[in-house]
Amino acid sequence: ASSFSFPIYDEALFFAHYDVLTQRPTSAYYCSPLYYYRFTDLSGTVANPNLKPSQTIEYELGFTQKVTNTSSMTISAYYHELRNMIQMCRFNGAFPKAYNSYSNLDFGTVKGLTASYDMRRTKNARIRASYTLQYADMTGSSTSTASALIAAGVPNLRSTFPSSSDRRHSFNLSLDYRFADGKDYDGPVIHRKDGKDIQILSNTGLNLSVNGGSGTPYTASRTVTSPISGGNKLLQGTYNGSRIPASFRFDLRVDKDFTFKIGASKDGEKKGRDAFLNVYVQVLNLLNSKNIVGVYNATGNADDDGYLSAPAWQREINEQIDPQAFIQMYQLIVNSGYNYSMPRHIRVGLSFNF
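One numbering rule holds for all chains: residues counted from 1, following each sequence as written. In keeping with the model being predicted, local features are shown solely for residues with a pLDDT of at least 70 and side-chain atom pairs are shown and tallied solely at 80 or more, while totals for entire chains, interfaces and linings include all residues. Computation of side-chain values covers all heavy atoms of the structure but excludes hydrogens and water.

A.B. asks: Tell me about the overall build of the protein, and name the residues and values.
C.D. replies: When helices and strands are counted, the protein shows four helices and 18 strands. Seen along its three principal axes, the alpha-carbon backbone of the protein occupies a region of about 90 × 65 × 45 Å. A buried classification covers 30% of the 354 residues belonging to the protein. The contact rule is simple, with two residues in contact once any of their heavy atoms fall within 4.5 Å. Contacts in the protein between residues at least 24 apart in sequence constitute 67% of all its contacts with a sequence separation of at least 6. To measure how exposed things are, a 1.4 Å probe is used in the Shrake-Rupley method; for residues, cover is taken only from the protein chains shown. For the protein, the computed accessible surface area is about 22300 Å², with 56% contributed by carbon and sulfur atoms. Each charge class in the protein was averaged separately, 36 positive and 29 negative side chains, and the resulting centres sit 3 Å apart. For the purposes of this entry, the term helix denotes a DSSP run of H or I that reaches at least four residues, the term strand denotes a run of E that reaches at least two, and both are numbered from the N terminus. For every residue, the accessible area obtained with a 1.4 Å probe (protein chains only) is divided by the maximum for its type, and the residue is called buried under 20%, exposed over 50%, and partly exposed between those limits. Counted as positive: Lys and Arg. Counted as negative: Asp and Glu, with His and the chain ends omitted from the count. Each charge is placed at NZ for Lys, CZ for Arg, CG for Asp and CD for Glu.

A.B. asks: So what's going on with the packing of aromatic side chains? Which residues, and what values?
C.D. replies: A pair of aromatic rings is counted whenever rings of Phe, Tyr or Trp (Trp by its six-membered ring) have centres within 6.5 Å, and the orientation is called stacked for planes under 30 degrees apart, edge-to-face for over 60 and tilted otherwise. Using the criterion set out here, one finds 13 aromatic pairs in the structure. Centroid distance Tyr 18 to Tyr 59: 5.4 Å. Interplanar angle 45°. Geometry classified as tilted. Placement of the pair is Tyr 18 in strand β2 (residues 12–23) and Tyr 59 in strand β3 (residues 54–68), with a sequence separation of 41 residues. You can call Tyr 18 partly exposed: its relative accessible area is 35%. Pairing Phe 91 with Tyr 99 gives two aromatic rings, centres 5.2 Å apart and planes at 15°, and the pair type is stacked. In this structure Phe 91 comes out as partly exposed when scored by relative accessible area, which is 29%. Note on Tyr 99: relative accessible area 21%, which makes it partly exposed.

A.B. asks: Requested: an account of the side chain of Ser 247, with residues and values cited.
C.D. replies: Summarising the element assignment, Ser 247 is placed in strand β14 (residues 247–262). Definition of a polar contact: a pair of N or O atoms within 3.5 Å, with one able to donate and the other able to accept a hydrogen when the atoms are protein atoms, and with sequence-neighbouring residues admitted only if both atoms are side-chain atoms. Among the polar contacts made by the side chain of Ser 247, one reaches the side chain of Arg 167 at a distance of 2.8 Å.

A.B. asks: Outline helix α4 (residues 323–334), listing residues and values.
C.D. replies: Any helix carries an expected span of 1.5 Å times its number of residues minus one. Between its first and last C-alpha atoms α4 spans 16 Å; for twelve residues at 1.5 Å apiece the expected length is 16 Å, and the two agree. Residues of α4 that are buried: Phe 326, Tyr 330 and Val 334. Seen end-on, α4 carries its buried residues on one side only, within an arc spanning 55°. Those residues of α4 that are exposed and angled more than 90 degrees off the buried face are Met 329 and Leu 332. Here the buried face of α4 lies against α3 (314–318). Here the arc refers to the set of directions running from the helix axis out to each C-beta atom.

A.B. asks: Describe in detail a nonpolar patch on the surface, supporting the description with residues and values.
C.D. replies: Each patch is built from salt-bridge-free residues with over 30% relative accessible area, joining like charges within 9 Å and nonpolar side chains (Val, Leu, Ile, Met, Phe, Trp, Tyr) within 5 Å. Within this document, salt bridges are pairs made up of a side-chain nitrogen of Lys or Arg and a carboxyl oxygen of Asp or Glu, the two lying within 4 Å of each other. On the surface, a cluster of nonpolar side chains totalling about 700 Å² of accessible area is made up of Phe 4, Phe 6, Ile 8, Tyr 9, Phe 14, Leu 61 and Phe 63. Taken together, the elements giving at least two residues each to the nonpolar patch come down to β1 (2–9) and β3. Considering every element that reaches the nonpolar patch, the biggest residue donor is β1, with four residues. Topologically, Tyr 9 is positioned in strand β1. On the basis of relative accessible area, Tyr 9 is assigned to the partly exposed category, the value being 45%.

A.B. asks: Talk me through the pattern of salt bridges; I want residue IDs and the actual numbers.
C.D. replies: The final tally for this structure, using the stated rule, is twelve salt bridges. With its nearest N and O atoms 3.7 Å apart, the salt bridge here joins Glu 11 to Lys 66. A residue pair is termed long-range when its members are at least 10 positions apart, and Glu 11 in the loop between β1 and β2 and Lys 66 in strand β3 qualify at 55 residues. Taking the relative accessible area as the measure of exposure, Lys 66 reaches 31% and is therefore partly exposed. With a shortest N-O distance of 3.1 Å, Arg 315 and Glu 319 are connected by a salt bridge. Glu 319 gets classed as exposed once you look at its relative accessible area, which sits at 57%. One connected set of salt bridges, linked through shared partners, spans Arg 121, Asp 176, Arg 178, Arg 253 and Asp 255.

A.B. asks: So, the nonpolar core: which residues are in play, and what are the values?
C.D. replies: Only buried residues count toward a nonpolar core. Its members are Ala, Val, Leu, Ile, Met, Phe, Trp, Tyr and Cys residues joined through side-chain atoms within 4.5 Å. Judged by nonpolar contacts, Tyr 307, Leu 308, Ala 310, Trp 313, Ile 317, Phe 326, Tyr 330 and Val 334 together constitute the single largest core of eight residues. A per-element tally of this core places α4 first, with three residues. Setting aside chain neighbours within four positions, we find Tyr 330 in contact with Pro 227, Asp 305, Tyr 307 and Leu 308.

This is the structure we're talking about:
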């Protein structure tokens, strides 16, 4: 890895970054000698102990510009090249028979542009915001992406498509507003007759984070499969050519710090070490947004896979012991909670440090 920065003048900075990351195979790399002894009887996919390490080469160029005395703007462009990614493949013409195994066939590229704004704490507020435009294209999103091609007897094709984690647009905003204590406190005060004013919001603050972006890809199907009788999924469009809806989320945390000393008193003076107590209330998914994280291939919906309304499966539905009860139960199952992000969570807690 290497990086360097070059100050253009007092208020601007140019930087660059280059890195090569190598990772040993994490799956499909262990193959027992017994596999070779029973090779003619094997029917599954054979692991490959001769897999090469996967490699990622990263390039990044950026520019930082001062906006005010407490804030700056950064724009950076990056390019990642993924090599020797592991993918299932078919070895035709092998002795004593053709078989399925894994090889370092896959590759991909990740290209993106990030613009960020950073404001150091000014009075009581600190702000961080960023936006990323990204294109992530790969020949396979997992080690089994090519399994359908192999089953169809298609050669080991290599075409790039959006990866399952590709998110075209994403944004992140963090706002932290906090009151200090003592002479730096500028919040509301309760004035007492004895002159000992109470700083009711001293060492109190809130943090609001907002993040979201466009949806990730999925592969649409023009046929509806039955969870009971199965069926074949026929591709509609291209691999990972459709996308789930966009999503966003608000998280809020309100906390207050208390500082005191622990230890024995001596001669009327408290001596000991400082201790810190933080009491907080945290609300995750503040607006209780119903973000979709997974959909069914045939409909693109999170709560309907198309089975109940598909003409091909009406006979199977009507042959159930109680068709109406079957439909109601099926609707409950298909509307899976795993297709949605976490609902609103409220946490109350404290942390103690000394």
